[in-house]
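Notes for the structure review
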Amino acid sequence: EEEIPEDHPRYQDLLTRHRIEKGVEKGITHLQGMHAEGRGSAFDYLLGEETIPSADEAERAAAAHLLLAEKPVLSINGNVAALVPGEMVDLADATGADLEVNLFNRTEERLEAIADHLREHGAEDVKGLEADARIPNLDHQRAKVDAEGIYAADVVLVPLEDGDRAEALEAMGKTEIVIDLNPLSRSPQVAEVPIVDNIIRAVPNMTEHARELADADESEVRAIVEAFDREAALEAAEERIRNGL
Ligand code: PTJ
């Protein structure tokens, strides 16, 4: 990361790409993660590479959901681990959530490597290694979750998630928060809180909102959840992209 000059006009994009490459080298990120990153980067360009106001609102609503949850869980895949490991640990601390590694292309090696990586970034307890429960209606490998983690969660943050699994989690009745730069992708379309923003901006902003709301009255936090309009958030993102073109 030292080689990228901070005043480069596309600094964040270069940094993101670099972190994904490092993630692949370290055995954390799947090769497909590079394709995912490329798609995300194109949408981010169209959004102006900034957190648009509707995304900030979604990040605040997401923080509120996590604070109100009985059992919030933050799901981590190979891209998330490469891009925002310490930031996910901070968000977990700020909201009382658990961290669970949950992979689309599941291998024991990558699970272990990601769990170690998160611990190096300050995580104490990392779930996902027991894999003693299954998400119904999803093929075997991708369905594996911890009984005490995602399976039991009432609110789950699933960043950069595949559409099938997002739908299967939604069908389990969970409150789903999705971070995805493509507002037309199935995962944000099914999420109760779709966050159309780059994960490297979204997660620290959610933590900031969570810290700010930590001492607020529960009624105030509930009001934020209730005022959030998912359709409006998706439309605002799409409109921003169209105008950008
Ligand atoms: O580590 P694994 O095995 O769990 O695999 C993870 C990936 C991401 C490879 C896997 O879940 C996958 O293939 O996902 P998709 O179907 O490519 O979806 C990823 C979505 O994330 C796409 O809609 C991208 O636009 C979006 N995306 C990519 N980078 C970012 C992003 N959204 C927010 N921030 C990003 N930095």
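Notes on the structure follow. (Residues numbered from 1 in each chain as written. Predicted model: local features only at pLDDT ≥ 70, side-chain atom pairs only at ≥ 80, totals over all residues. Heavy atoms only, no water.)

Ranked by size, the top nonpolar core spans 41 residues in total, and within it Leu74, Met88 and Ile195 carry the most contacts. With five residues, the top contributor of residues to this core is helix H10 (residues 199-213). Residues in contact with Leu74, not counting those within four places in the same chain, are Leu66, Met88, Leu91, Ala92, Ala97, Asp98, Leu99, Glu100 and Leu157. Grouped together as the second largest cluster of nonpolar side chains are 14 residues, Ile150, Ala153, Val156 and Ala168 included. (Core = buried A, V, L, I, M, F, W, Y, C linked by side-chain atoms within 4.5 Å. Buried < 20%, exposed > 50% of the residue type's maximum accessible area, 1.4 Å probe, protein only. Helix = DSSP H or I, 4+ residues; strand = E, 2+ residues; numbered from the N terminus. Contact = heavy atoms within 4.5 Å.)

It is worth spelling out the site of the ligand at this point. As a matter of local geometry, the ligand sits amid 22 residues, with Arg39, Gly78, Phe104, Arg110 and Asp180 nearest to it. The separation between a nitrogen atom of the ligand and a polar main-chain atom of Leu181 is 3.1 Å. The protein chains hide 93% of the 730 Å² of surface that the ligand would expose on its own. The set of elements that each furnish at least two residues to the shell around the ligand consists of helix H2 (32-46) and helix H4 (78-83). Considering every element that reaches the shell around the ligand, the biggest residue donor is H2, with six residues. (Near = heavy atom within 4 Å. Polar contact = N/O pair within 3.5 Å; in protein donor to acceptor, adjacent residues only side chain to side chain. Areas by Shrake-Rupley, 256 points an atom, 1.4 Å probe, with all protein chains shown as cover.)

For the rest of this paragraph, the subject is the side chain of His209. Along the chain, the position of His209 falls in helix H10. Residue classification places His209 among the buried residues on the basis of a relative accessible area of 9%. Of the polar contacts made by the side chain of His209, one reaches the side chain of Asp56; its length is 2.9 Å. Sequence-distant contacts of His209, defined by excluding residues within four places in its chain, comprise Asp56, Glu59, Arg60 and Ala63.

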